[in-house]
Each structure stands twice: as C-alpha cells, then as structure tokens.
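# Results of the structural survey
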Amino acid sequence: MHTLFVRVQDNSGSETLGQIEINIVPFTMDRNLLWVDDFPSTNFVQLDYAMPTEKEHDDLWRALCGRASGFDPTRDEFDVASGGSNSAPPKIGLVGRYKNIIWTYSSDLVSTCFDDIVRFTPESQIETGSQLVVNYLSIFLAKGGHLLTEGRSDRTGGLAAMLQPNAMVFPLNLRCEITGTQEGCEGDTSGVGCMAYRDYCITMFDKISGTFRSDPDMRIRRESIDGLDRATRDDADAITAGNPGLPATLTLWEEITKAGRYFDPRVRGFNYVEIYDPAYWMTQKQVKSQGCFHPMYRMRARNLSSPVNNTAIAIWVTKYSGIVPDVESGVAVAAPSVHFGFEMWFFNRAQVNALIDLIFEKWGIKAG
C-alpha cells in the first residue's frame, strides 16, 4: 500500500491536507473458476418451492460449477455467509486469482453482499470526504475476466441493487434517473458511469415484481399478466444467433409448477425476474438501446398482452469481450460475460446444464 499526502492552500491562506491511499493488487488469474455463493437461505422443510433451501441451491451450483475443468469446491467456492453476522464479499486479492467468476445473489439486501460491491453513488450525492466503494467486478471485467451474474432479482434485487433504495421505481432510465424518476431527462446524468450502464450496456431497468411509476402515460402493470411463462432465445441478436447450441427455450422446472406449488401457472406466473430495456417504455420516452446491448433470452409473459412480453431478461456482456486476460500461468481466452435476470434454480435442469456447458466452452474451461 502507498499513501500520498496533498496539501492545498486557498486564497484566504487556509490549508487542507488530503490523504490518498493506493493499494496495488496483482491479478494473476491463475485459477479457472470462482463461485461466490451470495444467496442466503436456510434448510427449511421444502413445501411450496417458492425458494430453494440452502442445500438445494448449493447442490445445484456445485454441480454446475463441477462442469468446469479443475473446479474444487473446497478451494474455489466462497460463501459470504461464512462470516456469520459479519457477512462480507471476497477480498479483491482472491478475485484476482481467477479468470472466471460466477456470482449468485439474492434479493435480500440485508444478507447479500452483491449490492455492497455494485452500489453506485451519483455525482449529486457525493459529499466532501466521501469514501466510495470500489467496484472490483468492473475492474475484473476490464482486465478481461469473465463474469456470470444471476440470482433472485425481484423488487430490490438484481442489478437494480446498485441503486439507492429510494430510486428503485421502475421502469427507470439509468442515464438520467439515477437519483429517482424524473419528468424528462434533466436529472443527474452520472448514471452512465455505473456498472449496469457502462459495463453491461443496459439503458433501462424494469421488474415483474417491484415498485412502479405513477406517470400518466405509464402502462398498467399487474403480476397476473406480467408473470413469466418461459424464456425464448433471441435469434435476432447476432451474438446469440452465432451460438446455436444455446437452448431454444428455457422453461420453468417441473417441480415448481406442480399443482399447489407457489408458481403453479394456474395461479401466477414466475415473478422473480428483472427486465432490461423494455420496449414499451423506451418507445414512449424515445430512448434507444446502446449498440453493445445484446439480448440472449427474452421473456414470454403469462399473458401476451403484457407490456413486458418479449423483453430481454438475459444478456451477453460484450464491452470487454475482445480482451485476452494477461494470466500468470495457464490458458485464457477472449470471450463475453453473461448476466441473467433470474435464478437458474427455478428452471429446467437439462436446459440449464446445456446453457452452462456452452458458456464454459466459450470461456475455455468446460471439463472434458
């Protein structure tokens, strides 16, 4: 660590002493895959399948990560709950050991650490002496690392966790509504520097289940019609079309849709979903997607009249996809990262396995 001191004198002769600490962390990237288990749960008696137990969630993700070459759960798994009441994310030094990271999170912002990393402070809310959180996932991406982020993304969860709680009103334009919804686009435009906009190329957030706008031109939003029935591959996107091995459809796991279960389709659609660049609102506000926005899957709503039907819920993250990580040892490749606005535990196992296999193959770590 290096410490720099800067002394400044103003016109009145008053002096201010500033201290800048510089930490140098090597990114050796000598290991293949790190799984960050940031999805807190308990081993309750499973009845309605509205949530996975701790064991159910861990069993699924250990099996999926086991499809990567060299993955060792005793070394390559980081459970943020291992610190008890002082849950904390992995240190940047650990992150720098890996070429590929999977981060699974929850919508419980009290117990989940994902928001501590991605939380963005708008320029208008930065105060003198503020100590801003370092988003080392953005640094990891810029170094050529590959990242898969996913989890329970309803309400305050998902990438929207980067927002201050009072700004979580949807749909929301990241460029100019980073401090809350605005009449036009005259708000704080520092949102272009947030991870979701700059690195993931997302322009607008939306939800199936969340707090919605009350604008007079806002379409009616109801979970009874907005719930997800399935996800379909977006073959209109060039990157997605170039990967025909992706499952054409992602359907809900049969265990969660049985009669009497929480997500029984006769009762409700699946609503733990975050939505990206919704056409109904972007058209209304004359906003266009960024050129680097590449949908992988779009949702089919329970009712096709839903304003969010056919909206992106899974994307390729391509901003740094051309970078080959400079690793200390081993082999690395240039490849896109990926983000899913839902937790895969709720989806068809064979389809999820095929999806992970294709991603690991692109990352150059698929076992066998």
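Scroll up to find the structure this text is about.
Described below are features of the structure shown in this document. What you are looking at is a predicted structure, and each value in this text was computed from that prediction instead of being measured.

## So, the overall build of the chain
A count of helices and strands for the chain gives ten helices and 14 strands. The globule rule puts the C-alpha radius of gyration for 368 residues at 21 Å, and the 21 Å found for the chain is close to it. Taken along its principal axes, the extent of the C-alpha atoms in the chain is 75 × 55 × 45 Å. Once local pairs closer than 6 in sequence are excluded, the contacts in the chain between residues at least 24 apart make up 70%. For the chain, the accessible area works out to roughly 16,200 Å², and carbon and sulfur atoms hold 49% of it. Separation of charge centres in the chain, based on 35 positive and 46 negative side chains, amounts to 5 Å.

## Structural notes on the nonpolar core
If you look at the biggest cluster of nonpolar residues, it comprises 54 residues, and the most contacted ones within it are Phe270, Phe340 and Phe342. Elements supplying a minimum of two residues to this core: strand S3 (31-38), helix H1 (54-65), strand S9 (228-233), helix H9 (279-284), strand S12 (293-301), strand S13 (312-317), strand S14 (337-340) and helix H10 (349-363). Among the elements that take part in this core, H10 stands out by supplying seven residues, more than any other. In this view, phenylalanine 342 contacts Glu150, Gly151, Ser153, Leu250, Phe270, Tyr272, Val273, Ile313, Ala314 and Phe347; residues no more than four positions away in its chain are not counted.

## Notes on the environment of aspartate 188
Secondary-structure assignment places aspartate 188 in the loop between strand S7 (172-173) and helix H6 (195-199). Excluding anything up to four places from it in sequence, aspartate 188 contacts Pro122, Glu123, Ser124, Arg175, Cys176, Glu177, Ile178 and Thr179. Polar contacts involving the side chain of aspartate 188 include one to the main-chain amide nitrogen of glutamate 123, which spans 3.4 Å. A polar atom in the side chain of aspartate 188 sits 2.7 Å from the side chain of serine 190.

## Thoughts on the packing of H1 against H10
Between two packed helices, both the angle of their axes relative to each other and the distance between the axes serve to describe the pair. Interhelical geometry of H1 versus H10 gives an angle of 40° and a closest axis separation of 10 Å. It follows that H1 is oblique to H10 by the angle criterion. Classified by chirality, the crossing of H10 by H1 is right-handed. Contact residues: H1 offers Leu60, Trp61, Leu64 and Cys65, while H10 offers Arg349, Val352, Asn353, Ile356 and Phe360.

## As for the side chain of glutamine 351
Its location among the elements puts glutamine 351 in helix H10. Only 3.5 Å separates the side chain of glutamine 351 from the backbone oxygen of threonine 249, close enough to count as a polar contact. When near neighbours in sequence (up to four residues on either side) are disregarded, glutamine 351 contacts Pro247, Thr249, Leu250 and Thr251.

## Observations regarding the pattern of salt bridges
In total, this model carries 21 salt bridges according to the counting rule given. Linking aspartate 357 and arginine 67 is a salt bridge whose minimum nitrogen-to-oxygen distance equals 2.8 Å. Here aspartate 357, found in helix H10, pairs with arginine 67, found in the loop between H1 and helix H2 (73-76); they are 290 residues apart in sequence, far enough to count as distant. Given the relative accessible area of 29%, arginine 67 is considered partly exposed. As a salt-bridge pair, arginine 119 and aspartate 115 come within 3.3 Å of each other at their nearest N and O atoms. Ionic contacts of the salt-bridge type, sharing partners, join the residues Asp58, Arg62 and Glu77 into one network.

## Some details on H10
The terminal C-alpha atoms of H10 lie 21 Å apart, and with 15 residues this matches the ideal 21 Å at 1.5 Å per residue to within 8%. Along H10, the residues that are buried comprise Gln351, Val352, Leu355, Ile356, Asp357, Leu358, Ile359, Phe360 and Trp363. Note on H10: the residue one or two positions beyond its end, glycine 364, has a positive phi of about 75°.

Conventions and cut-offs
- Residue indices follow the written sequence of each chain, beginning from 1 at its first position.
- Thresholds applied to this predicted model are a pLDDT of at least 70 for local features of residues and 80 or more for the giving and counting of side-chain atom pairs; totals over whole chains, interfaces and linings are not thresholded and use all residues.
- Here the side-chain values reflect all heavy atoms present in the structure, with hydrogen atoms and water set aside.
- By the criteria applied, helices consist of DSSP H or I runs no shorter than four residues and strands consist of E runs no shorter than two, each listed in order from the N terminus.
- As a reference, a globule follows 2.2 Å times the number of residues to the power 0.38, and the radius of gyration itself is taken over C-alpha atoms.
- Throughout, a contact is declared for two residues whenever any of their heavy atoms are within 4.5 Å.
- Accessible surface is estimated by sampling points in the Shrake-Rupley manner with a 1.4 Å probe; for residues, cover comes only from the protein chains shown.
- In this count, Lys and Arg are taken as positive residues and Asp and Glu as negative ones, while His and the chain termini are left out.
- By convention, the charge on Lys lies at NZ, on Arg at CZ, on Asp at CG and on Glu at CD.
- We define a nonpolar core as any set of buried Ala, Val, Leu, Ile, Met, Phe, Trp, Tyr and Cys residues linked to one another through side-chain atoms lying within 4.5 Å.
- The rule is simple: take the accessible area with a 1.4 Å probe, protein chains only, and divide by the maximum for that residue type; under 20% is buried, over 50% is exposed, in between is partly exposed.
- Here a polar contact is recorded for every N or O atom pair within 3.5 Å, except that within protein the pair must consist of a potential hydrogen donor and a potential acceptor, and residues adjacent in sequence are included only if both atoms are side-chain atoms.
- Only C-alpha atoms enter the line fits that serve as axes; for helices the fit covers just the stretch in contact. Angles between N-to-C directions range over 0 to 180 degrees.
- Angles below 35 degrees are treated as roughly parallel, those above 145 as roughly antiparallel, those between 65 and 115 as roughly perpendicular, and all remaining angles as oblique.
- In this scheme, a crossing is called left-handed if the near helix is turned counterclockwise away from the far one by less than a right angle; it is called right-handed if the turn is clockwise.
- The working definition used for a salt bridge is a side-chain nitrogen of Lys or Arg within 4 Å of a carboxyl oxygen of Asp or Glu.
- Each helix should span, by expectation, one fewer than its residue count multiplied by 1.5 Å.

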